[in-house]
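Understanding the architecture of this molecule
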Amino acid sequence: MGWPLVTALAVGLAILLAWRQPALRLREADPSTGIEPARLARLRLAGLSAALGFAAGLVVDWWAVPLGLAAGAAGYLASGRLKSAAEAARSRALASAVPGLCDLIAVCLDAGLPLRNAVAELGRVLPGPAGEVMNRLGAAVALGTDEAAAWRELAAAEPELAELGRELARSLDYGLTATATLRVIGERARRVELSRVQQRARRVGVSSVLPLVLCLLPSFLLIGVVPVVGGVVQRFFG
């Protein structure tokens, strides 16, 4: 019974370790089956874990079969949690980049650079999700996608950039300059981000109460209470 357990656990661990950067792989999943890409990738992970566990059951012992199925279910749930955490981190990083992104696009436009060229340059130099988004947008425009339509698609796909995408698409449709609007959007996003940071800072004080109590209370009892109680006990019973 020991070998099936070891085999099944090794299978599940190997699958989870091999599934690096789950959010990236979930984005690359093929949606042609009609199932949304994220769920399709998770189902593939669960199926692979269960299949390997079943194969281990045929080779080693039948106990590996239910353990392999359990490993598949665990892989399905774990990949979903990892994806959610990765998506949340990406969303926060993208929201934090909005003020700087607006300022950089405005500076490029003020310098006389066309918007598509500014997007291509920013895609090459910006790190993180903002650079990824700009690079993807620049590639779509370079391949022939209408520039205003590309910005509208970006606004629909990335909620953090929705206002930026809509305003730039409108400026492209009507041939208007967007630098003033970009600076307004950037300033508004900067205030929102500052408020979010302040809220997180205020939550630190509340969330740190329990760890401080758990750390300080035993020390207080050992240093302040135990010697007093020990002295009283020694005086009356010593």
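Being a predicted model, the structure only gives us computed values, none of them experimental.

Here we come to the overall build of the protein chain. Secondary structure assignment for the protein chain yields 10 helices and zero strands. When the elements of the protein chain are put in sequence order from the N terminus, they spell out α-α-α-α-α-α-α-α-α-α. For the protein chain, the residues scored as buried account for 31% of the 238 residues in total. Across the protein chain, the fraction of contacts at a sequence separation of at least 24, relative to all contacts at a separation of at least 6, is 57%.

Moving on, we come to the side chain of Glu147. Of note, Glu147 is situated in helix α7 (residues 147-157). Of the polar contacts made by the side chain of Glu147, one reaches the backbone nitrogen of Arg116; its length is 3.1 Å. Here Glu147 is in contact with Leu115, Arg116, Val141 and Leu172, once residues within four sequence places are set aside.

Estimated volume of the largest pocket: approximately 200 Å³. Every residue lining the largest pocket is listed: Ala95, Val98, Glu160, Leu161, Glu163, Leu164, Ile185, Arg188, Ala189, Val192, Glu193 and Arg196. Of all the secondary-structure elements, those providing two or more residues to the lining of the largest pocket are α4 (64-110), α8 (162-174) and α9 (179-207). Ranked by residues supplied to the lining of the largest pocket, first place goes to α9 with six residues. Looking at the lining of the largest pocket residue by residue, the class counts come to seven nonpolar, no polar and five charged.

A word on the side chain of Glu193. Following the sequence through the fold, Glu193 ends up in helix α9. Residue class for Glu193 comes out buried when judged on its relative accessible area of 13%. Leaving out residues up to four positions away in the same chain, Glu193 has contacts with Ala95, Ser96 and Arg200.

Mapped onto this numbering, the UniProt entry annotates "transmembrane region" (unreviewed entry) at residues 44-77 and 209-233. Between the end C-alpha atoms of residues 209-233 the distance is 33 Å, and the span holds 100% helix and 0% strand.

Here we take up the nonpolar core. Counting residues in each nonpolar core, the largest one holds 26 residues, and the members touching the most others are Ile105, Met134, Trp151, Leu161, Leu164 and Leu168. Considering every element that reaches this core, the biggest residue donor is α4, with six residues. When near neighbours in sequence (up to four residues on either side) are disregarded, Trp151 contacts Ile105, Leu115, Val119, Met134, Leu137, Leu164, Gly165, Leu168, Ala169 and Leu172.

What follows is about a positive patch on the surface. Judged by side-chain charge, Arg92, Arg200, Arg202 and Arg203 come together as a positively charged surface patch. The greatest single-element share of the positive patch, amounting to three residues, is contributed by α9. Relative to the elements of secondary structure, Arg202 occurs in helix α9. Overall, the relative accessible area of 54% leaves Arg202 in the exposed class.

Another aspect to go through is the packing of α7 against α8. Relative orientation of the contacting elements α7 and α8 amounts to 165°, with a least axis distance of 8 Å. The angle between α7 and α8 places the two elements in the roughly antiparallel class. Both α7 and α8 take part in a crossing whose hand is left-handed. In contact with Glu147, Ala148, Trp151, Arg152 and Ala155 of α7, α8 contributes Ala162, Leu164, Gly165, Arg166, Leu168, Ala169, Leu172 and Asp173. Tallied by class, the residues present in the contact of α7 with α8 amount to eight nonpolar, one polar and four charged.

Calculation rules
Residues numbered from 1 in each chain as written. Predicted model: local features only at pLDDT ≥ 70, side-chain atom pairs only at ≥ 80, totals over all residues. Heavy atoms only, no water. Helix = DSSP H or I, 4+ residues; strand = E, 2+ residues; numbered from the N terminus. Buried < 20%, exposed > 50% of the residue type's maximum accessible area, 1.4 Å probe, protein only. Contact = heavy atoms within 4.5 Å. Polar contact = N/O pair within 3.5 Å; in protein donor to acceptor, adjacent residues only side chain to side chain. 1 Å grid on protein atoms, 1.4 Å probe; cavity = no way out; pocket = protein on both sides within 12 Å on 5 of 7 lines; lining within 4 Å. Points joined across faces, edges and corners; volume = space filled by probe spheres on them. Nonpolar A, V, L, I, M, F, W, Y, C, P; charged D, E, K, R; others polar. UniProt positions renumbered as here; feature names shortened; annotations may be inferred. Core = buried A, V, L, I, M, F, W, Y, C linked by side-chain atoms within 4.5 Å. Patch = residues over 30% accessible without salt bridge, like charges linked within 9 Å, V, L, I, M, F, W, Y side chains within 5 Å. Areas by Shrake-Rupley, 256 points an atom, 1.4 Å probe, with all protein chains shown as cover. Salt bridge = Lys/Arg side-chain N within 4 Å of Asp/Glu carboxyl O. Lys, Arg positive; Asp, Glu negative; His and termini not counted. Charge placed at Lys NZ, Arg CZ, Asp CG, Glu CD. Axes fitted to C-alpha atoms, helices over the stretch in contact; angles between N-to-C directions. Parallel < 35°, antiparallel > 145°, perpendicular 65-115°, else oblique. Left-handed = near helix turned anticlockwise from the far one by under 90°.

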